[in-house]
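Notes for the structure review
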There are 2 protein chains.
Amino acid sequence: MVAEIISVGTELLLGNTVNTNAAYLAEQCARLGICVYYQSVVGDNEERLAATIRLALGRSDVVFLGGGLGPTEDDLTKETAAKLFGHALVEDEHTRKRIAAYFERIGREATENNWKQALVPEQAIILDNENGSAPGLIMEEGEKTLILLPGPPMEMIPMFQGGVFPYLSDKVGEAIVSKVLKICQVGESRVEQELKDLIHGCENPTIATYAKTGEVTVRVTARAKTESEAKKLIKPYVRQIKFRFGRNIYTTDEQVELEDAVAALLKQQNLTFTTVESCTGGLLAGRLVNVPGISGVFKQGYVTYSNKAKRRLVGVKKDTLTANGAVSEKTAREMAKGAALRAGCDMAVAVTGIAGPDGGTPEKPVGLVYIACSLRGKVTVRKCQFFGSRRKIRESAVSAALALMRDCILENFEL
Amino acid sequence: MVAEIISVGTELLLGNTVNTNAAYLAEQCARLGICVYYQSVVGDNEERLAATIRLALGRSDVVFLGGGLGPTEDDLTKETAAKLFGHALVEDEHTRKRIAAYFERIGREATENNWKQALVPEQAIILDNENGSAPGLIMEEGEKTLILLPGPPMEMIPMFQGGVFPYLSDKVGEAIVSKVLKICQVGESRVEQELKDLIHGCENPTIATYAKTGEVTVRVTARAKTESEAKKLIKPYVRQIKFRFGRNIYTTDEQVELEDAVAALLKQQNLTFTTVESCTGGLLAGRLVNVPGISGVFKQGYVTYSNKAKRRLVGVKKDTLTANGAVSEKTAREMAKGAALRAGCDMAVAVTGIAGPDGGTPEKPVGLVYIACSLRGKVTVRKCQFFGSRRKIRESAVSAALALMRDCILENFEL
């Protein structure tokens, strides 16, 4: 099966908005084993939109149309699609009621325009919108399918997951099961290298990697007649990947981020922690505070940007700074030890490094970062060399610090 | 003039990469007064790529081709484009030398494949790549122009700015001048509302708004025969916008972010500052540390997540917390005052709020944030109500805190 993605909207043509929806839909199609050969973007112009849809229907089985379902006169995706298929628009009672309920919920009055959103093409499958007023629509004509989705990602994504994924999965006629493994402390090229045989050696399941700063996600996707068969296909690959990356896999849950995994371990072991940051300047604490309920284990953190602050706030020795400099193994160690002591925490994690763009030397180049973790008095220090912009180096340091916290807990408690 | 953007790459079709290049090119075209009616994405497949380019050339004057200029066999953008225009590929001595120099610079050996990148279509204008090995290419045939650019944004953007923008500006036959005004503390809808007459009332200059968390950028762009004429066209609009938003305009320099503007004021007035954060948990300090050289005015910061930390680290009174709660005007005030005192700084900025998703009450709903700024003993407190996810609320609070710092300095020094 071949699908094509058309995104509709002037804001995309003007570059005001980055097309994250297309990437999302493309990734979902890959999961479903549906090929995507083309994506396009077109404005809210009936003639050009109709031409684009016609072209897409000529070369693909399923065409996604994202955006242009709003209540204003500019929005004409639904009208154009219905006209192409020769389907009349009729008012849908169920949708009208949902729109009324939606506006009551958000405490606003629906305008005359909004009722236009209750008009749907005859025979269309209606996808309820839990987060907005425009319903999604699936229209079928012969062998061709048009899937109309709202533009805002927070409306589109839940609608896709709830209604479109099962529809397509059914249409593909196969059960599709996928599993993610999120890996920290290993670069994307090394992950790819280590999985080369698996990535290239097999078509079902497929194995794909996605990188972001400091971590890599591996997705294993299998298709089979039944869900249990697909699961069976995945199993040996997941086991093999777990074997190859071991402890560096921090979760197999799509929703869990690295800070969530670390926070879960801290809570599980009932460990309070503190942070003491130089070059990251608060970003590490800031990222851990992303986790709701972190207050159970996190009480306070320090940003010790100057040498004096390192001495005053967490008791780094003057001699240490003089002899080794602020960016050194010994300073990182004393920062972590001192912070744990002063904050009265089980664990303290320290970051000190050279984020650049200036301040580097041949011995201590930009990107050199020391990370220390003190867990009940035992301190582990890691020396890292990161690359890229000031921002990139600082983000990499945060990820590496989270990974070190995780390692120290796993080691200490033999988890 | 009409342009069209074609992005080439399997990683886009699989959803591994979000197409930020298309947004960038579209925005630049808007600046140049060039219309974009279509964008597309196609894979590294000669037949489909050729069909897509042919279609684009049929309906647009200028076609951008981004990606597929790499050294591997998969990369065939250049070959396909040259074939369509009937231009032969010939080795370019200048490019060959640049490739050799590039590999020497990064300390790697060029592979046999890399020399393929020195082949260029006859008559093509060559755009040197300062950040990679693939040159960009401008090919002209009759009234049509193909512009081939490398895929990685860090190679593409400087090349566009250095070579393509002047080329297109010349082609448009007009001087294009644009000016940005970055506004904080005013929402996008209010900015649009207040500029409605200007946005809709004129075609040259054009006025466009772009929003991100906590701020809005307004861009005024004029086209004229000469640069000085274009500047003259812009002037009254810029003056008018400055008049309407006054002090909320924090810069007219595209490269300057809100934290840069605040840091510049701090340095200019020689004011040291500290941060004391609850719900933002370090993000405010982390954002200010984005600014290289901030160490001149920033020495240390506090993350006081628990009530006890607010008391211990910055001396908030127990009674204040008991009587008013951690999220209150009075607590924010004492946090700022105490932090300034303990850190021995001229200025301290405090943030305390409810980031959610839990912890809200009817009196103190999720999104309620108090921000306080103490400047040489004088404390200003702002009560804010933000909306959205935990992450969004925290980012909004950081922007609001930066804006408050800025206001306090401007007021105090009558700037």
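Only a predicted model underlies this, so the values are computations on that prediction, with no experimental measurement involved. (Residues numbered from 1 in each chain as written. Chains lettered and ligands numbered in written order. Predicted model: local features only at pLDDT ≥ 70, side-chain atom pairs only at ≥ 80, totals over all residues.)

Taking strand neighbours across the sheet as the criterion, the 10 strands line up as 17(A)-16(A)-15(A)-13(A)-14(A)-14(B)-13(B)-15(B)-16(B)-17(B) in an open arrangement whose pairing is mixed. Two strands in the sheet have a free side with no partner beyond their single neighbour: strand 17 (378-385) of chain A together with strand 17 (378-385) of chain B. Direction aside, neighbouring strands of the sheet carry axes that sit 10° apart on average. In terms of strand pairing, strand 13 (residues 273-277) of chain A meets strand 14 (residues 298-304) of chain A through four bridges, oriented parallel. By the bridge assignment, Phe273 of chain A is partnered in strand 14 of chain A with Phe298 of chain A. Sitting on the sheet, helix 14 (residues 329-343) of chain B is in contact with strand 13 (273-277), strand 14 (298-304), strand 15 (347-353), strand 16 (368-375) and strand 17 of chain B, with an inclination near 145° to strand 15 of chain B. (Pairing = 2+ DSSP bridges. Helix = DSSP H or I, 4+ residues; strand = E, 2+ residues; numbered from the N terminus. Axes fitted to C-alpha atoms, helices over the stretch in contact; angles between N-to-C directions. Contact = placed C-beta atoms within 7 Å.)

As a further point, take the interface of chain A and chain B. Where interface size is given, it is often the accessible area lost as the parts come together that is meant. Contact residues are listed per partner, giving 51 residues for chain A and 51 residues for chain B. Broken down by secondary-structure element, the contributors of at least two residues to the side of chain A that touches chain B are helix 2 (20-32), strand 2 (35-42), helix 10 (283-288), strand 14, helix 11 (307-314) and helix 14 (390-412) of chain A. For the side of chain A that touches chain B, a count of residues per class yields 26 nonpolar, 18 polar and seven charged. Relative to strand 14 of chain B, strand 14 of chain A is paired through five bridges, and the arrangement is antiparallel. Across the sheet, Gln300 of chain A pairs through a bridge with Thr304 of chain B, a residue of strand 14 of chain B. (Nonpolar A, V, L, I, M, F, W, Y, C, P; charged D, E, K, R; others polar.)

Residue and element names in this part refer to chain B. In spatial order, the strands read 10-11-9-12; together these four strands make up an open sheet with antiparallel pairing. Here the strands that pair on one side only, and so sit at the sheet edges, are strand 10 (206-212) and strand 12 (249-251). Direction aside, the axes of adjacent strands within the sheet are offset by 35° on average. Relative to strand 11 (residues 215-224), strand 10 is paired through seven bridges, and the arrangement is antiparallel. What sits directly across from Ala208, in strand 11, is Arg219.

Let us look at the relation of the copies chain A and chain B. When chain A is brought onto chain B, the operation consists of a screw motion whose angular component is 180° and whose axial shift is 0.1 Å, with 0.1 Å RMSD remaining. Overall, the copies show the geometry of a two-fold rotation axis. Looking at chain A, 100% of its interface residues are interface residues in chain B too, so the copies touch through the same face. (Least-squares fit on C-alpha atoms with pLDDT ≥ 70 in both.)

It is worth spelling out the pairing of strand 11 of chain B at this point. All names here are of chain B. For strand 11, the buried fraction is high: seven of the 10 residues fall into the buried class. Taken together, the 10 bridges between strand 9 (residues 175-184) and strand 11 define a ladder with antiparallel strand orientation. Looking at the pairing, Lys182 lines up with Thr217 of strand 11. Hairpin geometry of strand 10 and strand 11 is characterised by an intervening segment of two residues between the two adjacent antiparallel strands and by a positive phi of about 80° at Gly214. (Buried ≥ 20, exposed ≤ 12 C-beta atoms within 10 Å, placed from the backbone.)

Turning next to helix 2 (residues 20-32) of chain B. Every α-helix carries 3.6 residues per turn, so stepping three or four residues along brings you back to the same face. Residue and element names in this part refer to chain B. With 13 residues, helix 2 extends 19 Å between its outermost C-alpha atoms, agreeing within 8% with the 18 Å of an ideal straight helix rising 1.5 Å per residue. Across the 13 residues that make up helix 2, a large majority, 10, are buried. What helix 2 keeps buried is the set Asn21, Ala22, Ala23, Leu25, Ala26, Gln28, Cys29, Ala30, Arg31 and Leu32. Once helix 2 ends, the next one or two residues include Gly33, with phi positive near 75°. (Expected span 1.5 Å × (residues − 1).)

Let us now look at the domain arrangement of chain A. All names here are of chain A. The assigned domain composition of chain A is domain 1 (2-172), domain 2 (175-251) and domain 3 (258-412). When each unit is reduced to the centre of its C-alpha atoms, the spacing between domain 2 and domain 3 is 31 Å. Facing the eight residues of domain 2 at the interface are 10 residues of domain 3. By residue class, the composition of the side of domain 2 that touches domain 3 is two nonpolar, four polar and two charged. (Domains from an automatic or database assignment.)

Time to look at the environment of Gly66 of chain B. All names here are of chain B. You can see Gly66 is positioned in strand 3 (residues 62-66). Residue Gly66 is classed as buried on the basis of its 28 C-beta neighbours within 10 Å. The spatial distance from the C-alpha of Gly66 to the C-alpha of Glu141 is 19 Å, given a sequence separation of 75 residues. Contacts of Gly66, omitting those with residues within four sequence positions, involve Ser7, Val8, Asn21, Leu149, Gly151 and Met156.

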